[in-house]
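# Chains, contacts and geometry: an overview
Below, each chain spelled out in residue letters.
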Amino acid sequence: GVVYFANARDIAWPDPGLHRAWSRDGKTLRLSATRLARAVWLDFGDLDATPSDNAFTLLPGETVTLDIRSAASPQRLHAALRIRSLADALPSPSPAH
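These lines cover the structure that appears in this document, whether it is placed above or below. (Residues numbered from 1 in each chain as written. Predicted model: local features only at pLDDT ≥ 70, side-chain atom pairs only at ≥ 80, totals over all residues. Heavy atoms only, no water.)

### Observations regarding the overall build of the chain
Counted only if it meets this: Counting from the N terminus, the helices are the DSSP runs of H or I reaching at least four residues and the strands are the DSSP runs of E reaching at least two. Each residue is placed in one exposure class: buried if its accessible area under a 1.4 Å probe, protein chains only, is under 20% of its type's maximum, exposed if it is over 50%, and partly exposed if it falls in between. Contact criterion: two residues are considered in contact whenever any of their non-hydrogen atoms come within 4.5 Å of each other.
Scanning the chain for helices and strands turns up 2 helices and 7 strands. For the chain, the α and β elements follow one another from N to C terminus as β-β-β-β-β-β-α-β-α. Burial statistics for the chain: of 97 residues in total, 31% are counted as buried. For the chain, the proportion of contacts with a sequence separation of at least 24, taken over those separated by at least 6, is 56%.

In structure tokens, the structure reads:
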């Protein structure tokens with residue numbers, strides 16, 4: 001497990017440096033992070049697609065492989081995919097005075 005010593009909103013989350021790679025069949029996604037990526041969330045917009053996992057944390061150098069269940073073509077999946085983490089969702093906290 002990962003332990004945090006502050007509330008998520010009080011942490012300055014750096015860009016996690018997420019990298020994605022699709023399998024040849026276009027239905028398996030490998031994600032890795034160069035820095036801590038907390039609460040990684042995959043979103044396919046209006047496209048009906050379900051990843052095998054979602055809302056997870058990636059440690060630096062860690063890789064996760066996700067199966068994407070969808071009737072959509074690989075091209076549509078790739079175009080619709082949006083990946084977010086807390087670095088995208090929370091503004092950086094104000095410095096203490």
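### With respect to the sheet that holds strand S4 (residues 50-51)
Rules: Being paired, for any two strands, means DSSP has found at least two bridges between them.
Read from one edge to the other, the open sheet built from 4 strands follows the order S1-S2-S6-S4, with strand pairing classed as antiparallel. Looking along the sheet, the strands with just one partner apiece sit at the ends: strand S1 (18-22) and S4. Here 2 bridges tie S4 to strand S6 (residues 63-69), and the two strands are oriented antiparallel to one another. Looking at S6, one finds that Pro51 is bridged to Ile68.

### So, the pairing of strand S2 (residues 28-33)
As paired elements, S1 and S2 share 5 bridges and run antiparallel to each other. Each residue of the ladder has a partner; that of Leu18, found in S2, is Ala33.

### Focus: the environment of Pro16
By the element assignment, Pro16 lies in the segment before S1. C-alpha separation for the pair Pro16 and Ser85, spaced 69 residues apart in sequence, amounts to 8.0 Å. Apart from residues no more than four positions distant in its own chain, Pro16 is found in contact with Ala33, Thr34, Arg35, Leu36, Ala37, Ser85 and Ala87.

### Description of the sheet that holds strand S7 (residues 82-84)
The line we're drawing: Only the stretch in contact is used when a helix axis is fitted, and all axes are lines through C-alpha atoms; the angle between N-to-C directions ranges over 0 to 180 degrees.
The 3 strands are arranged S5-S3-S7 in an open sheet whose pairing can be described as antiparallel. The two strands at the open ends of the sheet, each matched to only one other strand, are strand S5 (56-58) and S7. Between one strand and the next, the sheet's axes are offset by a mean angle of 40°, whatever the strand orientation. As paired strands, strand S3 (residues 37-43) and S7 are joined by 3 bridges and run antiparallel to one another. Each bridged residue has a counterpart across the sheet, and for Trp41 the counterpart in S7 is Arg84.

### Looking at the side chain of Ser85
Its location among the elements puts Ser85 in the loop between S7 and helix H2 (86-89). With sequence-adjacent residues up to four places away left out, Ser85 is seen in contact with Pro16, Arg38, Ala39 and Val40.

### Quick look at the environment of Glu62
Our working definition: Under the rule applied, a polar contact is a pair of N or O atoms within 3.5 Å (in protein, one hydrogen donor and one hydrogen acceptor; residues adjacent in sequence only if both atoms are side-chain atoms).
Here Glu62 lies in the loop between S5 and S6. A polar contact is formed between the side chain of Glu62 and the backbone nitrogen of Leu59, at a distance of 2.8 Å.

### So, empty space enclosed by the protein
We count it as follows: Only protein atoms enter the 1 Å grid used here. Points where a 1.4 Å probe fits but cannot escape make up a cavity, open sets with protein on both sides within 12 Å along at least five of seven lines make up a pocket, and a residue lines them when an atom lies within 4 Å of a point. Grid points are joined across faces, edges and corners, and a volume is the space filled by probe spheres set on the points. In the scheme used here, Gly and all other residues not listed as nonpolar or charged are polar, with Ala, Val, Leu, Ile, Met, Phe, Trp, Tyr, Cys and Pro taken as nonpolar and Asp, Glu, Lys and Arg as charged.
In this structure the tally under the stated criterion is 1 cavity of 30 Å³ or more. Size it by volume and the largest cavity reaches roughly 40 Å³. The wall of the largest cavity is formed by Trp13, Pro14, Pro16, Leu36, Ala37, Arg38, Ser85, Leu86 and Ala87. At the level of elements, S3 and H2 are the ones that each hand at least two residues to the lining of the largest cavity. The residue inventory of the lining of the largest cavity, partitioned by class, reads 7 nonpolar, 1 polar and 1 charged.

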